[in-house]
Amino acid sequence: MPADSILKYIFAFCLVLSLSTAATSARAESGFSSGDTTKPAPSRNGMVVSEEKIATLVGLSVLKEGGNAVDAAVAMGFALAVTYPRAGNLGGGGFMLVHLGETGRTVAIDYREKAPLKATRSMFLDENGNVDIERSRHSVYSCGVPGTVAGLSLALEKYGTMPLEKVIAPAIKLAEEGFSVSAELRKSLLEAKERMKKSSEGMDVFFENNGEPPREGRILRQKNLAWSLKEISKNGSGAFYRGAIAKKITDYMKKEGGLITERDLASYEALIRKPVTGSYRGYSIHSMPPPSSGGVHLIQMLNILERYPLSRYGHNSARYIHILSETMKLAYADRSKHLGDPDFSPVPTEQLISKQYAKRLTNRINPQKATPSKYVKPGSPIPVGGTDTTHFTVADRFGNVVSNTYTLNFAYGSGLAVPGTGILLNNEMDDFSAKTGTPNAYGLIGGEKNSVAPGKRMLSSMTPTIVLKDEELFLATGSPGGSRIITSVLQVILNVIDHKMSIREAVAAPRVHHQWLPDILYVEKDAGKELGTKLQKKGYEVKRTGPIGSTQSVTRVNGVFHGAADSRHPGRLAQGY
Ligand code: GLY
């Protein structure tokens, strides 16, 4: 047997073993709770963390087979498109941060969707000048030009070691042979059913003849998606952007009157960008630059918070949450004015992440009382002398780390799937500011810099982040959650660095979120009523809420990896070897 075939055989064997382990642990899972029963053993060779067990095991098999973190991440990116269709995707986009062990460099891959070339500034306004949310969120006009296939292919080509056909093979097998439907998948399909009804392809793939999603334990096969994945395996990303898949997408757009054309697909490119970097109490922070707002505002908030003795205040004390919330308000106010696609208008990134600007902002925080958001205006940084997204993190023994967040925007995106492909299309166009001052689905206000324009990338909150200590991995994390992504990532970092929590404790600890507008402090239910009462006395409108974010994190302490999949999400798995 040729060496390549032997490797393929071993790989398939490992995958089958892994998948049966996944099924066993799936049965042991108990759903939403802050008591995570899956405690991965610390490991030295590698760690994989995601919101979906089968995808974690796919990534782990690739690492065990000698692949690096990028090979594993790309395999997971394709696998999640099959096993976690609410957010894993081929028809969406995202951001990947890669730390390269060999050179110590960190790079950011931007594969965010773009507005089609026929998009216009006012395309989501009705005849009265109001935002038509049906059009911006649920119609064929809500779909941006997808970036995922270009992004995953670019990552593999530049930083991976395995051929595309190898890393995509598990996804093809899962699509073709199917996998067991989890309670979580069934529930998410039930919730999305009304939105997906208008897509015959989506109904055919995800719903049975009686219009119901498959019951837990049924095998879900996705033949058309298997065809699409095989096209990509054979012909690379060209299949999606210029070949047989592109033809099916553009035929669908023509039929439905959508805007995405052959030219949009053929001209789409994933980009390698320089990450935004900052420092926090001796650690170096690397995160996603614009067109995500995530990295900029994460570093901006850390710069402000570094000026306070947070550990002395105590984790989730009223005093601590007050400083955190005021900091969040300042950052989200700036987001509304200064952030957008840097290829279209300049973003004052360096100023926003400067320590000097943080010092000025700190002066605007009243240490005792909440400042009502109507008095918190975006600052003027002067030049200095995500609900439904998914995140996964992979670290390997070669020192490489991948922190990847990608999305269709809402669960199942626009709810529209391209006939014959099994590919769900995003509704990312809603992340543009359709009208200045009118909130998007996440309540985020945007301005001119995030207005719709042909070929422009819509602003994101995705915050894949890598924290280094002495140039080596200390912590890598990221989260879904729309506008709540940035504050979820922030709190994991603070919990580990300031409050000296283990990564599992840091991820499980109750979170809060404030985004300036609406002027509401969201506090997870587990945080306790007493905290809410104390914060109300400080002037906050407090709203107790369900899960904020779902962070998937890896730390490395004394050469040992520790993984933490967020207990807020039922299907998660962190596993090392
Ligand atoms: N679609 C959510 C985000 O990119 O922030």
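Because the structure is a prediction, the values reported are computed rather than measured.

A.B. asks: For this particular structure, what's the right way to read the overall build of the protein chain?
C.D. replies: Counting its regular elements, the protein chain contains 20 helices and 20 strands. Computed over its C-alpha atoms, the radius of gyration of the protein chain comes to 22 Å, within 12% of the 25 Å expected for a compact globule of 577 residues. Taking all 577 residues of the protein chain together, the buried fraction comes to 64%. A total of about 20,900 Å² of accessible surface is found on the protein chain, and carbon and sulfur atoms cover 52% of it.

A.B. asks: Sorry, what's going on with the site of the ligand here?
C.D. replies: The local shell around the ligand holds nine residues, among which Asn409, Glu428, Asp431, Ser460 and Ser461 are the closest. The side chain of Asn409 places a nitrogen or oxygen atom 2.8 Å from a nitrogen atom of the ligand. Interatomic distance of 2.7 Å between a side-chain N/O atom of Ser460 and an oxygen atom of the ligand. Calculation on the ligand without its partners gives an accessible area of 190 Å², and the protein chains cover 99% of this total. Its residues assigned to classes, the shell around the ligand comprises two nonpolar, four polar and three charged.

A.B. asks: Hey, could you run me through the sheet that holds strand 19 (residues 560-565) in this one?
C.D. replies: Each strand in a sheet pairs with its neighbour through backbone hydrogen bonds, running either in the same direction (parallel) or in the opposite one (antiparallel). Taken together, six strands build an open sheet; the order of strands is 7-8-13-14-18-19 and the sheet is antiparallel. The open sheet has two free edges, formed respectively by strand 7 (276-280) and strand 19, since each of these has just one partner strand. Pairwise comparison of adjacent strand axes, ignoring direction, gives a mean angle of 25° for this sheet. The sheet contact formed by strand 13 (residues 465-469) and strand 14 (residues 472-477) spans five bridges and is antiparallel. Paired with Lys469 across the bridge in strand 14 is Glu472. Contacts between helix 18 (residues 485-497) and the sheet are confined to strand 7, strand 8 (283-287), strand 13, strand 14 and strand 18 (552-557), with strand 14 contributing the most and set at about 135° to the helix.

A.B. asks: Would you mind going over the pairing of strand 16 (residues 521-524) with me for this structure?
C.D. replies: The two faces of the sheet receive side chains in turn, since in a regular strand these alternate between them. Of the two faces of strand 16, the one carrying Leu521 and Val523 and the one carrying Tyr522 and Glu524 are both buried. Sheet topology note: the strand 16/strand 17 (residues 542-545) ladder contains four bridges and is parallel. Opposite Leu521, over in strand 17, you have Val542 as the bridge partner. Handedness of the β-α-β unit built from strand 16, helix 20 (residues 529-537) and strand 17 comes out right-handed.

A.B. asks: What is the right way to read the sheet that holds strand 2 (residues 93-99) from this model?
C.D. replies: Taken in spatial order, the seven strands of this open sheet run 6-3-2-10-9-1-20, and their pairing is antiparallel. Each edge of the open sheet carries a strand with a single partner, namely strand 6 (271-273) and strand 20 (573-576). Direction aside, neighbouring strands of the sheet carry axes that sit 15° apart on average. Most of the contacts of helix 3 (residues 69-83) go to strand 9 (residues 389-396), to which it runs at about 155°, and overall it touches strand 1 (46-50), strand 2, strand 9 and strand 10 (401-407).

A.B. asks: Whenever I open this one, the nonpolar core confuses me. Can you help?
C.D. replies: One recurring pattern in soluble globular proteins: nonpolar side chains tend to sit buried together. In terms of nonpolar packing, the biggest core is built from 88 residues, with Phe78, Leu90, Met96, Leu229, Phe240 and Val394 touching the most fellow members. No other element matches the 12 residues that helix 3 contributes to this core. Apart from the residues within four sequence positions on either side, Leu229 is in contact with Phe78, Val82, Leu90, Ile168, Ala171, Ile172 and Ala175. Among the nonpolar cores identified, the runner-up in size contains 81 residues, and Leu324, Leu361, Val376 and Leu531 belong to it.

A.B. asks: Where do I start with the packing of helix 13 (residues 294-305) against helix 17 (residues 355-362) in this structure?
C.D. replies: Two elements in contact, helix 13 and helix 17, have axes separated by 8 Å at closest approach and are oriented at 65°. The interaxial crossing formed by helix 13 with helix 17 has right-handed handedness. Residues Gln300, Asn303 and Ile304 of helix 13 pack against Lys355, Tyr357, Ala358, Leu361 and Thr362 of helix 17. Split by residue class, the contact of helix 13 with helix 17 holds four nonpolar, three polar and one charged.

A.B. asks: Would you mind going over helix 15 (residues 318-338) with me for this structure?
C.D. replies: Since the α-helix packs 3.6 residues into each turn, any two residues three or four apart lie on the same face. The terminal C-alpha atoms of helix 15 lie 30 Å apart, and with 21 residues this matches the ideal 30 Å at 1.5 Å per residue to within 8%. Summarising burial for helix 15: 19 of the 21 residues are buried, a large majority.

A.B. asks: Could you clarify how one ought to interpret the environment of Lys538 in this entry?
C.D. replies: Note on placement: Lys538 falls in the loop between helix 20 and strand 17. The exposure class of Lys538 is buried, given its relative accessible area of 17%. Between the C-alpha atom of Lys538 and that of Arg397, which follows or precedes it by 141 residues, the distance is 48 Å. Each residue touching Lys538, except ones within four places of it in the same chain, is listed here: Ala318, Arg319, His322, Gln368, Lys369 and Ala370. For Lys538, the side chain forms a polar contact with the main-chain oxygen of Gln368, separated by 3.4 Å.

A.B. asks: I tried to follow the pattern of salt bridges on my own but got confused; where do I start?
C.D. replies: Note on pairing: side chains with opposite charge can pair once their charged atoms come close. A full pass over the atoms with the stated rule returns 29 salt bridges. Here Arg568 and Glu524 are joined by a salt bridge, their closest N and O atoms 2.7 Å apart. One end of the pair, Arg568, is in the loop between strand 19 and strand 20; the other, Glu524, is in strand 16, with 44 residues separating them in the sequence. One continuous salt-bridge network, built from bridges that share partners, spans Asp110, Arg273, Asp343 and Arg457.

A.B. asks: Teacher, can you tell me more about the side chain of Thr465 here?
C.D. replies: Mapped onto the secondary structure, Thr465 falls in strand 13. A distance of 2.9 Å separates a polar atom in the side chain of Thr465 from the backbone oxygen of Thr463. Setting aside residues up to four positions removed in sequence, Thr465 forms contacts with Leu97, Ile285, His286, Ser287, Leu298, Ser403, Leu475, Ala476, Thr477, Val489 and Ile493.

A.B. asks: Honestly, the packing of aromatic side chains in this entry has me stumped. Any pointers?
C.D. replies: Given two aromatic rings, one states the distance between the centres and the angle between the planes to describe the pair. All told, the structure shown has five aromatic pairs when counted by the stated rule. With a centroid separation of 6.0 Å and an interplanar angle of 90°, the aromatic rings of Phe392 and Tyr406 are classed as edge-to-face. Of this pair, Phe392 sits in strand 9 while Tyr406 is found in strand 10, placing the two residues 14 residues apart along the sequence. Counting every residue linked through ring pairs, the aromatic cluster contains Phe240, Tyr241 and Tyr268.

A.B. asks: Any chance you could explain the environment of Arg263 here in plain terms?
C.D. replies: Examined against the element boundaries, Arg263 turns out to sit in helix 12 (residues 262-266). A relative accessible area of 60% places Arg263 in the exposed class. The sequence separation of Arg263 and Arg335 amounts to 72 residues, and the corresponding C-alpha distance is 31 Å.

A.B. asks: How should unusual backbone geometry be read in this particular structure?
C.D. replies: With an omega of 15°, the peptide bond between Pro290 and Pro291 qualifies as cis. Secondary-structure assignment places Pro291 in the loop between strand 8 and helix 13. Geometrically, the link from Leu517 to Pro518 is a cis peptide bond, its omega value of 0° lying close to zero. Secondary-structure assignment places Pro518 in the loop between strand 15 (512-513) and strand 16. Of note, the phi angle at Asn316 is positive, near 55°, even though the residue is not glycine. Structurally, Asn316 can be placed in the loop between helix 14 (310-313) and helix 15.

What counts as what
Residues numbered from 1 in each chain as written. Predicted model: local features only at pLDDT ≥ 70, side-chain atom pairs only at ≥ 80, totals over all residues. Heavy atoms only, no water. Helix = DSSP H or I, 4+ residues; strand = E, 2+ residues; numbered from the N terminus. Rg over C-alpha atoms; globule rule 2.2 N^0.38 Å. Buried < 20%, exposed > 50% of the residue type's maximum accessible area, 1.4 Å probe, protein only. Areas by Shrake-Rupley, 256 points an atom, 1.4 Å probe, with all protein chains shown as cover. Near = heavy atom within 4 Å. Polar contact = N/O pair within 3.5 Å; in protein donor to acceptor, adjacent residues only side chain to side chain. Nonpolar A, V, L, I, M, F, W, Y, C, P; charged D, E, K, R; others polar. Pairing = 2+ DSSP bridges. Axes fitted to C-alpha atoms, helices over the stretch in contact; angles between N-to-C directions. Contact = heavy atoms within 4.5 Å. Right-handed = clockwise from strand over helix to strand, strands pointing away. Core = buried A, V, L, I, M, F, W, Y, C linked by side-chain atoms within 4.5 Å. Left-handed = near helix turned anticlockwise from the far one by under 90°. Expected span 1.5 Å × (residues − 1). Salt bridge = Lys/Arg side-chain N within 4 Å of Asp/Glu carboxyl O. Phe/Tyr/Trp six-rings, centres within 6.5 Å; stacked < 30°, edge-to-face > 60°.

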